[in-house]
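An overview of the molecular structure
One-letter residues, chain by chain:
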Amino acid sequence: MTASTSTARPLAEPDFPGQRGVSWVIGLIWGLLVINTLGSLGVDTIVPIPRRLLQVITMGSLCVAFVLALLLNRKLRIRPNAFLLLLSLLAVVSFVSSSFLDSGLGALFRCARLAVFIATLWLLTRWWDGGLAFVRHHVRALTAVLAVVAAGLVLSPGTAMPADFDGRLVGVLWPITATQVADYAAVVAGLTVVLWLARATTARSVLFIAVPAVFLLLLTHTRTATVGLLAGVPVAGLTLALTNARARKTIAAITVGATVLAVAFSTALTTWFQRGQDDDSFSNLTGRQFVWDALLAEDRTVREQILGVGLTDKSFGGLPIDSTWLAVYHEQGIVGISIVVLMLLGLLFAMATRPPSPARACAVFLVVYGLIASYTQVGLGDVTGYLLHFVVAAALLTPSSGDQRTLHSYDRA
């Protein structure tokens with residue numbers, strides 16, 4: 001199916017026509033996976049929530065998601081997938097490196113969580129058919145999280161944009177950092193706009209989903225997510241340009257409009273990007289460079305260089321690493337970095353070999369956004385919402401089996 005023949009429909013409609021029950025359960029499972037990736041530290045909430053309770057909710061959501069996926073796919077029918085195969089191999093490397101206990105017993109717990117997470121994804125591969133179902137599930141789940149953030153902003157604006165975080169928007173009903181809020185907002189806005197460009201959703205979805213998401217993104221003052229959104233949408237639109245007049249016109253309008261705005265509001269844009277930081281803070285990425293230099297300068301054994309130190313809380317010396325590549329190197333070593341590169345190369349190859357379609361355009365956005373965000377975000381080597389973005393891209397790039405009746409059926413043992 002080409003982009004020009006897609007049928008626009010609201011994001012709230014069922015994904016599998018005639019299989020409302022299956023669609024609803026898969027959407028619930030995906031929502032539980034998103035809950036599992038939510039943060040639990042670093043932000044003061046309106047009503048204090050004990051850390052233990054937060055952990056019970058996030059870990060419990062993963063266990064429930066796995067059980068539901070197992071019940072939905074009772075015969076354990078899975079589809080081969082190179083991305084998940086490599087991710088499973090990365091989990092094995094994580095277990096091996098964590099077994100030396102360089103990062104404590106918590107590393108083994110994180111490995112077990114990663115294993116259950118990957119097992120749940122494998123169970124869902126039965127419904128990976130290269131369609132837009134999982135994009136819609138992803139957008140709905142992330143939109144629900146953003147709605148919670150927006151509710152916190154309405155209830156307590158001062159708490160939601162605290163001075164301790166330089167006035168950046170955070171989640172205060174559930175603790176969500178500004179970086180996470182920006183990540184969710186950028187992906188929701190980008191996917192919704194790409195679906196509209198591909199005529200796979202309505203203008204109403206853009207108005208009521210993408211526009212508020214962009215507003216929340218701007219309130220977070222997060223540069224990487226903003227750049228990822230601004231780069232991802234045009235690149236995804238270009239993949240539709242040959243088959244979709246709307247995409248051609250919109251990308252042209254965006255290019256002209258962005259150029260005019262950049263010239264007219266250059267001072268304001270510079271101020272927004274600098275977030276009141278001096279030149280030194282801006283150049284070292286708010287202190288990230290110091291952490292990165294210290295991590296790379298750390299004396300490591302040959303084993304630590306090859307396999308890493310095992311899964312950690314994504315910090316080094318008590319400070320966040322804030323880089324996918326350095327976090328993977330620290331935790332899973334050179335072997336981990338090699339596996340992640342192969343995962344991304346596999347997605348790029350699949351994008352290059354697929355014909356133009358709404359699904360490929362969404363995958364292009366997610367991969368372009370993810371590659372840009374990987375510079376200052378962590379997650380490809382562990383359970384995170386960031387990893388889920390790439391999982392959605394892998395689902396979008398999975399070829400259709402050609403037997404939708406079997407693929408979408410619900411076996412009753």
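Residues numbered from 1 in each chain as written. Predicted model: local features only at pLDDT ≥ 70, side-chain atom pairs only at ≥ 80, totals over all residues. Heavy atoms only, no water.

As named in an unreviewed UniProt entry, the protein is O-antigen ligase domain-containing protein, taken from Prauserella endophytica.

**Remarks on the packing of aromatic side chains**
Summed over all chains, the structure comprises five aromatic pairs. For the ring pair Phe365 and Tyr369, a centre distance of 6.0 Å and an interplane angle of 20 degrees mean the geometry is stacked. Of this pair, Phe365 and Tyr369 both sit in helix 16 (residues 358–373), four residues apart, which is roughly one turn of the helix. Across the pair, Tyr369 and Phe365 agree in class, each one buried. An aromatic cluster of at least three residues, connected via ring pairs, comprises Trp30, Trp128 and Phe134. When the ring centre of Phe100 is taken as reference, the NZ or CZ atom of Arg303 above it lies at 4.0 Å. (Phe/Tyr/Trp six-rings, centres within 6.5 Å; stacked < 30°, edge-to-face > 60°. Helix = DSSP H or I, 4+ residues; strand = E, 2+ residues; numbered from the N terminus. Buried < 20%, exposed > 50% of the residue type's maximum accessible area, 1.4 Å probe, protein only. Lys NZ or Arg CZ within 6 Å of the ring centre and 35° of its normal.)

**Some words on the nonpolar core**
Among the nonpolar cores identified, the biggest contains 111 residues, and Trp30, Leu33, Phe83, Phe134, Phe365 and Leu396 are the most heavily contacted of them. With 13 residues, helix 7 (residues 178–197) is the largest single contributor of residues to this core. Grouped together as the second largest cluster of nonpolar side chains are seven residues, Phe316, Ile321, Leu326 and Ala327 included. (Core = buried A, V, L, I, M, F, W, Y, C linked by side-chain atoms within 4.5 Å.)

**Describing the confidence of the model for the protein**
Per-residue confidence for the protein averages 87 on the pLDDT scale, and 86% of its residues sit at or above 70. Scored below 50 in pLDDT, residues 1–6 makes 17 contacts in the model with residues more than four places away or belonging to other chains. Taken together, the stretch residues 403–413 has pLDDT below 50 and engages in 26 contacts with residues farther than four places along the chain or on a different chain. (pLDDT = per-residue confidence, 0-100. Contact = heavy atoms within 4.5 Å.)

**Concerning helix 9 (residues 223–238)**
Relative to the 22 Å expected for 16 residues at 1.5 Å per residue, helix 9 spans 23 Å between its end C-alpha atoms, a close match to the ideal helical length. Considered for burial, the residues of helix 9 that qualify are Arg223, Thr224, Ala225, Thr226, Gly228, Leu229, Gly232, Val233, Ala236 and Gly237. (Expected span 1.5 Å × (residues − 1).)

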